[in-house]
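One letter stands for each residue in the lines below.
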Amino acid sequence: MSYAVTNPATGEVVSSYDTITDEALQAAIAAATEAHRTWSKQTTVQERAALIGRVAELHTERRQELAEIIVREMGKPIEQALGEVDFAAAIYEYYAEHSAGFLVDEPISLLAGEGTAVIRRSSLGVLLGIMPWNFPYYQVARFAGPNLIIGNTIVLKHAEQCPESAAAMERIFLDAGFPEGAYVNVYASHDQIEQVIADPRVQGVSLTGSERAGAAVAAIAGKYLKKVVLELGGSDPFILLSTDDLDATVQNAVDARLDNSGQSCNAAKRFIVADELYEPFLEKFTAKLAEVEATDPTSSDSALGPLSSLKAAEGLDAQVKRAIEHGATLVHGGARDGAFFQTTVLADLSPENPASKEEFFGPVAQVYRAADEADAIRIANDTPFGLGSYVFTTDAAQAERVADAIEAGMVFVNLVLADGAELPFGGIKRSGSGRELGRFGADEFVNKKLIRVG
């Protein structure tokens, strides 16, 4: 395994990094363990929150530099890259301001006996974070921000194609005032990661990535009895049942599909449209998607860059071809030029088409016709995933019914791209387990200790 920055827009290998040695990896775990034993125990929540507040400020101060790094690493259009840095800063700021409140003692009313009982939240110890390439800063922020304030220390293994942003973040934590060992970046191999999870000094692991990676990490974590949080893939439904402004709804659909060049776990990927709206939606949606062309991600005008790598584009190409071979209609697109992939619309997908059960990571949309509300819910839930979902309707009662019926961790009604630092993020089924962000994200890796006083 090698860590390297390969610009997907040009194919140029910009830089490469050596995989960490076993000795250096052991030293990293030891440093994180020592930081938890000393720094975590000798500082207050407020002091640790202030350091995270400084991390937020440094993201803002270095936003241009940080954004340009991930444009090189994974092809994110520069304006979206700047937006990601800003969102990461907002997450750190949110936790800096609110974590003390999340960690206050929680009293329990006794059913019998005298005295008191409280739940006191405290750190677990060293945590391993395994992060993906698609949101290099945002993913780290939602894991590291709350956990460092709690007092956990972090060993961070980033995606192999994001070594430069990984190093830049470690530098930020050190420059913010965190001691050596509180946040440690490691360029580790898959075999080495198994060693880290097995290490008795490591108390938990959080992974954002593919189903395959999640299953492998969960199996290892289970073997060694480690707490694990998994945020995996998604094939989120976008259900359109009624609208009083079809053009605006179509624009929402396009935005929900193309964010991050279509490489977002909770992007809308399957568009399920009521029968009476299907034809006009498909026509307008296809036309709008066709207007967006993949361009140089360094340009401020770019709305769609290359996919993260040539391998990713080749994989998506194979998925589209396989969907067509199994009966899907190619309404628009389907062309690939290196790592650049044309916006693509597929229709007429049967439940037997393997594409209907797969995640398409890129600017490819599947459009389904639903006979009625019940049929739309059936199609939406006919997936192994259960991350996010979107419902568009003018009927408030219908929105409530459908939101309750969708099998997913998140439902957004009549809006898209509405994630927030305060809103819990996570899914069910093969989309993973646990939550990040908000109060619930700060409650995953804590010892909820009962203290009963008579």
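Residues numbered from 1 in each chain as written. Predicted model: local features only at pLDDT ≥ 70, side-chain atom pairs only at ≥ 80, totals over all residues. Heavy atoms only, no water.

Student: How would you sum up the sheet that holds strand β7 (residues 183-185)? Please name residues and give values.
Tutor: Sheet architecture is open: six strands sit in the order β7-β6-β5-β8-β9-β21, paired in mixed fashion. The two strands at the open ends of the sheet, each matched to only one other strand, are β7 and β21 (432-433). Of the strands in this sheet, β5 (126-130), β6 (153-157), β7 and β8 (202-208) are in contact with helix α1 (residues 22-42), which crosses β6 at around 155 degrees. (Pairing = 2+ DSSP bridges. Helix = DSSP H or I, 4+ residues; strand = E, 2+ residues; numbered from the N terminus. Contact = heavy atoms within 4.5 Å. Axes fitted to C-alpha atoms, helices over the stretch in contact; angles between N-to-C directions.)

Student: Would you mind going over the environment of Leu 225 in detail, with residue names and values included?
Tutor: For Leu 225, the position within the fold is in the loop between α8 (211-223) and β9 (227-231). In this structure the C-alpha to C-alpha distance between Leu 225 and Pro 363, which are 138 residues apart in sequence, comes to 39 Å.

Student: Explain empty space enclosed by the protein to me, and be specific about the residues and the numbers.
Tutor: One simple way to see leftover space: roll a probe sized like a water molecule over the atoms. A full pass over the atoms with the stated rule returns two cavities of 30 Å³ or more. Here the largest cavity defines a volume of roughly 50 Å³. Among the secondary structure elements, those contributing two or more residues to the lining of the largest cavity are β10 (236-240) and β17 (385-386). A per-class count over the lining of the largest cavity returns five nonpolar, four polar and three charged. Its volume calculated, the second largest cavity comes out at about 40 Å³. Every residue lining the second largest cavity is listed: Arg 142, Phe 143, Asn 147, Ser 206, Arg 435, Glu 436, Gly 441, Glu 444 and Phe 445. Top element by residues in the lining of the second largest cavity is helix α5 (residues 138-150). It accounts for three residues. When the residues that make up the lining of the second largest cavity are grouped by side-chain class, the tally is two nonpolar, three polar and four charged. (1 Å grid on protein atoms, 1.4 Å probe; cavity = no way out; pocket = protein on both sides within 12 Å on 5 of 7 lines; lining within 4 Å. Points joined across faces, edges and corners; volume = space filled by probe spheres on them. Nonpolar A, V, L, I, M, F, W, Y, C, P; charged D, E, K, R; others polar.)

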